[in-house]
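# A structural walkthrough
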Amino acid sequence: MARTKTKPHPYQLFEDALRAKQRELLDSYERDKAAGNASPDDGIQDLADKAASAYSKELNFSLSDGERNLLMLIEEAFNRIREGNFGVCTNCSNQIGEKRLSAVPWTPYCIDCQELQEKGLLA
Ligand SMILES: [Zn+2]
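Summarised in this report is the structure supplied together with it. Given the structure is predicted, the values throughout are model-derived calculations rather than measurements. (Residues numbered from 1 in each chain as written. Predicted model: local features only at pLDDT ≥ 70, side-chain atom pairs only at ≥ 80, totals over all residues. Heavy atoms only, no water.)

## Points about the overall build of the chain
Cut-off, in case you're wondering: Secondary structure follows DSSP: runs of H or I at least 4 residues long count as helices, runs of E at least 2 residues long count as strands, and numbering of each begins at the N terminus. Three exposure classes are used, based on accessible area relative to the maximum for each residue type with a 1.4 Å probe and protein chains only: buried under 20%, partly exposed in between, and exposed over 50%. The criterion used for residue contact is that any of the two residues' heavy atoms lie within 4.5 Å. Only the protein chains shown count as cover for residues, and all accessible areas are computed by the Shrake-Rupley method using a 1.4 Å probe.
The helix and strand inventory of the chain stands at five helices and zero strands. Expressed as a percentage of the 123 residues in the chain, the buried residues total 32%. Long-range pairs, those at least 24 residues apart, make up 52% of the contacts in the chain between residues at least 6 apart in sequence. On the chain, roughly 8,300 Å² of surface is accessible, and the fraction owed to carbon and sulfur atoms is 50%.

Structural data, given as structure tokens:
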């Protein structure tokens, strides 16, 4: 009896949040890019899928550094979900608190390492 087959993985909520944030960023990018062009609603579904290949080249045009950086962090978070190490600090390998993940699901660092990073003490 394989009844765990369809069980949603434990990071589903975070993945949803990541996807929503990614879409929000890409939508504003698409609006900038399309400026004036009617943008078909049915293209939205593909945006997230295109993100991986698109953000490295095209997104450089109209996104701010902060937005680009955030998209990159989101991509990396998706990778960690796929690899099964989401929620683990990429610096010290400690578990990142669930509250922190809810607030900033794309964060690669636990709160301690985040502080180090903000002080410029992390490479
Ligand atoms: Zn850490």
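## Thoughts on the coordination of the zinc ion
Heads up, the condition is: Each metal's donors comprise the N, O and S atoms found within 2.8 Å of it (within 3.2 Å for Na, K or Ca). Water is not part of the atom list, so some coordination spheres may appear incomplete.
Bound to the zinc ion are the protein donor atoms C89 (SG), C92 (SG), C110 (SG) and C113 (SG), situated 2.2 to 2.3 Å from the metal. Between the donor residues of the zinc ion, the gaps in sequence give the motif C-x2-C-x17-C-x2-C. Residue C92 is classed as partly exposed on the basis of its relative accessible area of 31%.

## Overview of helix α3 (residues 65-83)
For clarity, the cut-off: Helix span, expected: 1.5 Å multiplied by one less than the number of residues in the helix.
Taking 1.5 Å of rise per residue, the 19 residues of α3 would be expected to cover 27 Å, and the 27 Å separating its terminal C-alpha atoms lies within 8% of that figure. Directly after α3, the chain includes G84, whose backbone phi takes a positive value near 85°.

## A word on the side chain of T107
For clarity, the cut-off: Pairing of N or O atoms within 3.5 Å defines a polar contact, subject to two protein rules: one partner must be a possible hydrogen donor and the other a possible acceptor, and residues neighboring in sequence count only if both atoms are side-chain atoms.
Along the chain, the position of T107 falls in the loop between α4 (98-103) and α5 (111-118). A relative accessible area of 6% means that T107 is categorised as buried. Within the structure, T107 has its side chain in polar contact with the backbone oxygen of Y109 (distance 3.2 Å). Those residues in contact with T107, other than ones at most four positions away along the chain, are R80, I96, R100, L101 and Q114.

## Quick word on the environment of A17
When you line up the elements, A17 lands in helix α1 (residues 12-34). Owing to a relative accessible area of 33%, A17 belongs among the partly exposed residues under this scheme. Sequence-wise, A17 and W106 are 89 residues apart; in three dimensions their C-alpha atoms are separated by 9.1 Å.

## Thoughts on the pattern of salt bridges
Between side chains of opposite charge, pairing is possible as soon as their charged atoms come close. Condition: Salt-bridge detection follows one rule: a side-chain nitrogen of Lys or Arg within 4 Å of a carboxyl oxygen of Asp or Glu.
For the coordinates displayed, the defined rule picks out three salt bridges. For R19, the salt bridge is made with E15, and the minimal N-O distance between the two is 3.0 Å. A residue pair is termed a helical-turn pair when its members lie 3 or 4 positions apart in one helix, as R19 and E15 do in helix α1 at four residues. In this structure, the salt-bridge partner of D65 is R68, at a minimum N-O distance of 2.5 Å. Of this pair, D65 and R68 are both found in helix α3, three residues apart, which corresponds to roughly one turn of the helix.

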